[in-house]
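Architecture at a glance
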Amino acid sequence: MKTLICTTPGQFTYGDTSLPERKQGETLLRIRRVGICGTDLHAYEGTQPFFQYPRILGHELAAEIAATDEPGFTAGESVTIIPYFHCGNCVACKAGKTNCCTQLKVCGVHVDGGMREYLLVPSYSLVKNRGLGLDELALVEPLAIGAHGIRRAQVTPGEWVAVIGAGPIGLGVMEFARITGAKVIAVDVQESRLQFCKERLQIPFTINAAKENVSAQLAQLTNGDMPTVVIDATGNLSAINESFRYLAHGGRYVLVGLQKGEIRFSHPEFHQREVTLMSSRNATREDFDRVIDALLNGQVLPLTYITHRVLFEEVQEAFPGWLLPANKVIKAMVTI
Ligand SMILES: [Zn+2]
Ligand SMILES: [Zn+2]
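These figures come from a predicted structure and were not determined experimentally. Residue positions are given per chain, counting from 1 as you read along its sequence in written order. Just so you know, chain letters begin at A and ligand numbers begin at 1, following the order they were written in. Local features are withheld for residues below a pLDDT of 70 in this predicted model, meaning they are given only at 70 or higher, and side-chain atom pairs are given and counted only at 80 or more; totals for whole chains, interfaces and linings count all residues. To get the side-chain values, take all heavy atoms of the structure and skip hydrogens and water.

1. Description of the coordination of the zinc ion (ligand 2)
Quick note on the threshold: Note that water is not among the atoms used; donors are N, O and S atoms within 2.8 Å of the metal (3.2 Å for Na, K and Ca), so sites may look incomplete. Geometry assignment treats four donors as tetrahedral when all angles are between 85 and 135 degrees, treats four as square planar and six as octahedral when opposite donors are over 155 degrees apart and all others between 65 and 115, and treats everything else as irregular. Burial classes: relative accessible area under 20% of the type maximum marks a residue as buried, over 50% as exposed, and values in between as partly exposed (1.4 Å probe, protein chains only).
In the first shell of the zinc ion (ligand 2), the protein supplies Cys 87 (SG), Cys 90 (SG), Cys 93 (SG) and Cys 101 (SG), at 2.3 to 2.4 Å from the metal. Considering all four donor atoms around the zinc ion (ligand 2), the spread of angles at the metal, 102 to 118°, places the coordination shape in the tetrahedral class. Each donor residue of the zinc ion (ligand 2) belongs to the same chain, with the gaps between them written as C-x2-C-x2-C-x7-C. Residue class for Cys 87 comes out partly exposed when judged on its relative accessible area of 30%.

2. Side note on the nonpolar core
Just so we agree on the cut-off: What makes a nonpolar core is a set of buried Ala, Val, Leu, Ile, Met, Phe, Trp, Tyr and Cys residues whose side-chain atoms join them at distances within 4.5 Å. The numbering of helices and of strands both runs from the N terminus, where a helix is a DSSP run of H or I of at least 4 residues and a strand a run of E of at least 2. Domain start and end points were adopted from an automatic or database domain assignment. For this analysis, residues touch if any pair of their heavy atoms sits within 4.5 Å.
Core analysis: the biggest nonpolar cluster contains 89 residues, and Leu 29, Leu 171, Met 174, Phe 176, Trp 322 and Val 334 have the highest contact counts within it. Per-element tally for this core: the top contributor is helix α3 (residues 134-153), with ten residues. Structurally, this core is a two-domain feature, drawing no fewer than three residues from each of domain 1 (2-129 + 305-335) and domain 2 (145-279). Beyond its immediate stretch of four places on either side in the chain, Met 174 contacts Val 163, Gly 165, Ala 166, Val 184, Ala 186, Cys 197 and Ile 203. Ala 162, Val 214, Tyr 253 and Val 275 belong to the second largest nonpolar core, which has 18 residues in total.

3. Topic: the domain arrangement of the protein
Under the convention used in this document: Each of two parts loses accessible area, computed with a 1.4 Å probe, when they are put together; buried area is these two losses added. The term salt bridge refers to a side-chain nitrogen of Lys or Arg lying within 4 Å of a carboxyl oxygen of Asp or Glu. Polar contact criterion, stated in full: a pair of N or O atoms within 3.5 Å, where within protein one must be able to donate a hydrogen and the other to accept it, and residues adjacent in sequence count only if both atoms are side-chain atoms. Polar here means any residue outside two lists: the nonpolar Ala, Val, Leu, Ile, Met, Phe, Trp, Tyr, Cys and Pro, and the charged Asp, Glu, Lys and Arg; Gly therefore counts as polar.
Segmentation of the protein into domains returns domain 1 (2-129 + 305-335) and domain 2 (145-279). Inter-centroid distance (C-alpha atoms) of domain 1 to domain 2 is 29 Å. Taken together, the contact pairs eight residues of domain 1 with eleven residues of domain 2. Roughly 820 Å² of surface becomes buried between domain 1 and domain 2 when both sides are summed, with 62% attributable to carbon and sulfur atoms. For domain 1, the biggest contributors to the area lost against domain 2 are Pro 49, Tyr 305 and Ile 330; these three give 55% of the whole. Run the count over domain 1 and domain 2 and you get zero salt bridges. Counting the contacts that link domain 1 with domain 2 gives two residue pairs in polar contact (both at pLDDT 80 or more). Residue composition of the side of domain 1 that touches domain 2, grouped by class: four nonpolar, two polar and two charged.

4. Section: the pattern of salt bridges
One pass over the structure, following the stated rule, counts 17 salt bridges. The partner of Asp 112 in a salt bridge is Arg 55, and the shortest N-O contact between them spans 3.0 Å. Placement of the pair is Asp 112 in the loop between β7 (105-106) and β8 (118-122) and Arg 55 in the loop between α1 (38-45) and β4 (60-67), with a sequence separation of 57 residues. Given a relative accessible area of 31%, Asp 112 falls into the partly exposed group. Using a relative accessible area of 10% as the deciding quantity, one classes Arg 55 as buried. The residue Asp 188 makes a salt bridge to Arg 193 at a minimum N-O spacing of 3.5 Å. Since its relative accessible area comes to 30%, Arg 193 is described here as partly exposed. Among the charged side chains, a network of salt bridges with common partners joins Arg 33, Asp 135 and Arg 309.

5. Describing the coordination of the zinc ion (ligand 1)
The coordination sphere of the zinc ion (ligand 1), as far as protein atoms go, consists of Cys 37 (SG), His 59 (NE2) and Glu 60 (OE), spread over 2.1 to 2.3 Å. Of note, the donors binding the zinc ion (ligand 1) are all from one chain and are spaced C-x21-H-E. On the criterion of sequence distance, the pair formed by Cys 37 in the loop between β3 (26-36) and α1 and His 59 in the loop between α1 and β4 is long-range, its members being 22 residues apart. Considered together, Cys 37 and His 59 belong to a single accessibility category, that of buried residues.

6. Considerations on the pairing of strand β14 (residues 252-255)
Which entries qualify depends on this criterion: Seen with its strands pointing away from the viewer, a crossover is right-handed when the path leading from the first strand over the helix to the second is clockwise. Strand pairing is assigned whenever DSSP identifies at least 2 bridges connecting the two strands.
Burial along β14 is two-sided: the face carrying Arg 252 and Val 254 and the face carrying Tyr 253 and Leu 255 are both buried. In terms of handedness, the path from strand β13 (residues 229-232) via helix α7 (residues 237-243) over to β14 forms a crossover that is right-handed. Bridge count for β14 against strand β15 (residues 276-279) is four bridges, and the pairing is parallel. Bridge assignment links Tyr 253 to a residue of β15, and that residue is Leu 277.

7. Quick notes on empty space enclosed by the protein
Short version of the rule: Here a cavity is any set of points on a 1 Å grid over the protein atoms alone where a 1.4 Å probe fits but cannot get out, and a pocket is any open set with protein on both sides within 12 Å along at least 5 of 7 lines; a residue lines the site when it has an atom within 4 Å of a point. Grid points are joined across faces, edges and corners, and a volume is the space filled by probe spheres set on the points.
Counted according to the given criterion, the structure contains one cavity of 30 Å³ or more. Residue lining of the largest cavity: Leu 139, Pro 142, Leu 143, Pro 168, Gly 172, Tyr 305 and Lys 331, and that is the complete set. Every element with two or more residues in the lining of the largest cavity is listed here: α3 and α4 (168-180). In terms of residues, the lining of the largest cavity owes the most to one element, α3, which gives three residues. When grouped by side-chain class, the residues that make up the lining of the largest cavity number five nonpolar, one polar and one charged.

Right under this line is the structure:
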């Protein structure tokens, strides 16, 4: 079958791999859509931590079931998957936190993913389509990251939530903060992204960190209180260190974005606010269900996100262009 392999940073090769044989507890998928996200771009650039090559990318998937023994699922039906393959036995799994399993294997990151015609997955990872189409199914995973961040932060209606970074993950975070009833403030350094938040996501407040004094603007908007929740979706070290000061006393600071370095902040600033600091990794089935609900009831409009479309055969050529900010990629969607 046709397969696209990232052989080394900056290099893709189309190859021919054999069809895998299905064992008990596994489902064979015929892949139909692959969404491209920051992880894939970083893997291609060679900047993704702990990434090994060669690797078949692709974790935001929509597929049709080719063969399964999973009760409740039948061949031909369309599904998405939860691509965080977990052990089920570790301390995190036993606590229901399969998203941060000690043995976690993310499909398309730690193990080969869906950039090919057929893929074998553990049957426990299947998610019913519930009436969603293929494009929408492939968007569930990236949105679930945002839904998980908002659930981690325990956002409540009416509170001020500042989301730092308006890339694809930040947009998902903003959507679920808005749906929860929070007053959302988008912070980014690119005016076009902030414009997108206003026009397409109905985010009422935006601050351009390249032009404006973020602390002063936040203080003005919140009547001096500052946001009770600040969520980093930049994965940028200086942005993460800086954003600490944007937080209200008693507030929560959630790191959805990830970077390679060490975070540094003033202990007195941390202490006087009695800050709750947390990370938010991946998502769980509960978050996937929440996203599907939001897509079904129109709270999230999927076509907002898909800015680029290509066929599988065109990925190798198109991919480098998706790295260029000028192309304003939010979500590139591959049809197989
Ligand atoms: Zn992704
Ligand atoms: Zn585990």
